[in-house]
Amino acid sequence: MTYEFIQTEVLGEGPLKTGVIRLHRPKQLNALCDGLMDDLGHALHAFDTDDGIGCIVLTGSEKAFAAGADIAAMVDYTYMQVFMSGYISRNWEAMASVQKPVIGAVAGFALGGGCEVAMMCDMLIAADNAKFGQPEIKIGMIPGAGGTQRLPRTVGKALAMDLALTGRMIGAEEALRAGLVSRVVAPEQLMPEALAMAEQINGMSQSVARLMKQCVNEAFESPLASGLRLERRVFHSLFGTHDQHEGMVAFLEKRKPEFKHR
Ligand code: HXC
């Protein structure tokens, strides 16, 4: 499948591969137009339903992951146009229904909608030139794809308010300290690091990886008591699986487990 605004490829050595999606609108610093978001949603769904794929890596260019929603497209929108067409709601939420782990590999600008798409990933690796921010206030707007909600849940209220109200950017090291990203590497190491992480996850039980993702995401969506109940239920249920028994027997026999993802 070829797309207009993204590039996709399948990489990896093991039986399960990694689906790579690269945002590709270089002249506009990967500004997120409707067509790009349609392409992204389609590619995410295609990789998510491909049994040969374990993890998905989402990345941009060395200069920009994405510099935000497309301002040129938005400038003349009216209230009723965006409301009636379901702007953002129609095609930006695709990531939320992806079952497989999605690793965001961010270099350069991740601003506005770009920062919001990055935060929709399950984890982020940043190149040391990455810059994150929610600069919508500078153009008379607020974030519209989760920036006011995911950012404070991730970095806390003080920094979220600081970034949203001043529109300033933070670099990769500050993003690491704030918990927005889990690793910072040199730009040339960004994809190797993301692919190595994906390869490691591809070697695990995929059913466990998906349930793990659901449980961790629940921590953002429900009170502690119900999150703990879900975790206990999933934990107990895994004793009914092949992979739990195989994983533990392999440990005791000092060999590599042969997971069957069931
Ligand atoms: C449309 C954009 C764009 C954007 C950059 N470009 N960001 N076009 N939408 N979000 C275009 C520029 O107009 C320019 O086109 C080209 O990309 C290169 O950008 P420059 O500004 O020349 O590059 P540079 O000087 O390096 O500055 C980079 C930058 C700056 C700091 C990232 O471009 C910038 O501030 N961009 C806007 C960032 C922003 O406000 N994002 C939030 C958008 S609102 P030409 O044709 O002149 O070469 C948003 C709302 C989300 O995201 C809510 C819904 C999800």
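Description of the structure in this document. (Residues numbered from 1 in each chain as written. Predicted model: local features only at pLDDT ≥ 70, side-chain atom pairs only at ≥ 80, totals over all residues. Heavy atoms only, no water.)

## Overview of the pattern of salt bridges
Basically, it comes down to this: What makes a salt bridge here is a side-chain nitrogen of Lys or Arg within 4 Å of a carboxyl oxygen of Asp or Glu, nothing more.
The final tally for this structure, using the stated rule, is nine salt bridges. The partner of Glu253 in a salt bridge is Arg255, with the nearest N and O atoms 2.8 Å apart. The structure contains a network of salt bridges with shared partners spanning Asp34, Asp38 and Arg90.

## Here's the deal with the pairing of strand 1 (residues 6-11)
To be explicit about the condition: Between any two strands, at least two bridges found by DSSP are needed for them to pair. Helix and strand assignments come from DSSP, with helices taken as H or I runs of at least 4 residues and strands as E runs of at least 2, each series counted from the N terminus.
Here six bridges tie strand 1 to strand 2 (residues 17-23), and the two strands are oriented antiparallel to one another. Counted as the bridge partner of Thr8 is Ile21 from strand 2. Between strand 1 and strand 2, which follow one another and run antiparallel, lie five residues, and Gly12 among them has a positive phi close to 135 degrees.

## Section: helix 5 (residues 147-155)
Threshold: Exposure classes here rest on a 1.4 Å probe applied to the protein chains alone. A residue is buried below 20% of its type maximum, exposed above 50%, and partly exposed in between. By arc we mean the arc of the directions from the helix axis to the C-beta atoms, nothing more. Only heavy atoms matter for contacts: two residues are in contact if any of them lie within 4.5 Å across the pair.
Among the residues of helix 5, Gly147, Leu151 and Val155 are the ones counted as buried. All buried residues of helix 5 fall inside an arc of 15 degrees around its axis, so they share one side. Buried positions along helix 5 lie against helix 4 (113-120), helix 6 (157-166) and helix 7 (172-178). Of the residues flanking the end of helix 5, it is Gly156, one or two places downstream, whose phi is positive at about 95 degrees.

## Focus: the packing of helix 9 (residues 206-221) against helix 10 (residues 224-237)
To keep it simple, the criterion reads: Note on definitions: angles span 0 to 180 degrees between N-to-C directions of axes, and those axes are lines fitted to C-alpha atoms, for helices only across the stretch in contact. Angular relationships are summarised with four words: roughly parallel below 35 degrees, roughly antiparallel beyond 145, roughly perpendicular across 65 to 115, and oblique for the angles in between. Two helices cross in a left-handed way if the nearer one is turned anticlockwise from the farther one by less than a right angle. They cross in a right-handed way if the turn is clockwise.
Running from N to C, helix 9 and helix 10 cross one another at 165 degrees; their axes reach a closest spacing of 9 Å. Looking at the two axes, helix 9 sits roughly antiparallel to helix 10. Relative to helix 10, the crossing made by helix 9 is left-handed. Taken together, the residues of helix 10 that come into contact with helix 9 (itself represented by Leu211, Gln214, Cys215 and Glu218) are Gly227, Leu230, Glu231 and Val234.

## What to know about the packing of helix 4 against helix 5
Any two packed helices are characterised by how steeply their axes cross, that is the angle between the axes, and by the distance between the axes. Running from amino to carboxyl end, helix 4 crosses helix 5 at an angle of 55 degrees, the nearest separation of the two axes being 10 Å. Taken together, the axes of helix 4 and helix 5 are oblique relative to one another. Relative to helix 5, the crossing made by helix 4 is left-handed. Within the contact between the two elements, helix 4 uses Glu116, Met119 and Met120 and helix 5 uses Gly147, Arg150 and Leu151.

## Some points on the site of the ligand
Our working definition: We call a residue near a molecule or strand as soon as one heavy atom of that residue lies within 4 Å of the molecule or strand. Polar contact criterion, stated in full: a pair of N or O atoms within 3.5 Å, where within protein one must be able to donate a hydrogen and the other to accept it, and residues adjacent in sequence count only if both atoms are side-chain atoms. The protein chains shown are the only cover counted for residues, whose accessible areas, like all others here, come from Shrake-Rupley with a 1.4 Å probe.
Of all residues adjacent to the ligand, which total 23 residues, the nearest are Ala67, Ala69, Ile71, Gly113 and Gly144. At 2.9 Å, a backbone N or O of Ala67 approaches a nitrogen atom of the ligand. One nitrogen or oxygen atom from the main chain of Ile71 is found 2.9 Å from a nitrogen atom belonging to the ligand. Burial of the ligand by the protein amounts to 62% of the accessible area it has alone, namely 1,000 Å².

## Describing a negative patch on the surface
Formally: Here a patch means residues that are over 30% exposed by relative accessible area and free of salt bridges, tied together within 9 Å if like-charged and within 5 Å if nonpolar (Val, Leu, Ile, Met, Phe, Trp, Tyr). None of His or the chain ends enter the tally, which takes Lys and Arg as positive and Asp and Glu as negative. To locate a charge, take NZ of a lysine, CZ of an arginine, CG of an aspartate or CD of a glutamate.
A grouping of Glu62, Asp128, Glu173 and Glu188 is seen on the molecular surface, where their side chains present a negatively charged patch. With respect to the helices and strands, Glu173 occurs in helix 7. For Glu173, a relative accessible area of 45% puts it in the partly exposed group.

## Considerations on the sheet that holds strand 9 (residues 170-171)
Strand order in the open sheet made by the four strands is 4-6-8-9, with mixed pairing throughout. Looking at the sheet topology across the chains shown, the edges are occupied by strand 4 (64-66) and strand 9. Sheet topology places strand 4 next to strand 6 (residues 109-111); two bridges connect them, and they run parallel. Within strand 6, the position partnered with Ala66 by the bridge is Ala110.

## Here's the deal with the packing of aromatic side chains
Put simply, the test is: Aromatic rings from Phe, Tyr and Trp, with only the six-membered ring used for Trp, were paired whenever their centres fell within 6.5 Å, and each pair was classed as stacked if the ring planes differed by under 30 degrees, edge-to-face if by over 60, and tilted otherwise.
Tallied over the full model, the rule gives three aromatic pairs. Geometrically, the ring pair formed by Tyr77 and Tyr87 is edge-to-face, given 5.2 Å between the ring centres and 75 degrees between the ring planes. Pair noted here: Tyr77 is in the loop between helix 2 (71-74) and helix 3 (79-85) and Tyr87 is in the loop between helix 3 and strand 5 (102-106), with a separation of ten residues, a long-range link. Here Phe235 and Phe239 contribute two aromatic rings whose centre-to-centre distance is 5.4 Å and whose plane-to-plane angle is 85 degrees, an arrangement assigned as edge-to-face. The class for Phe239 is partly exposed, based on a relative accessible area of 47%.

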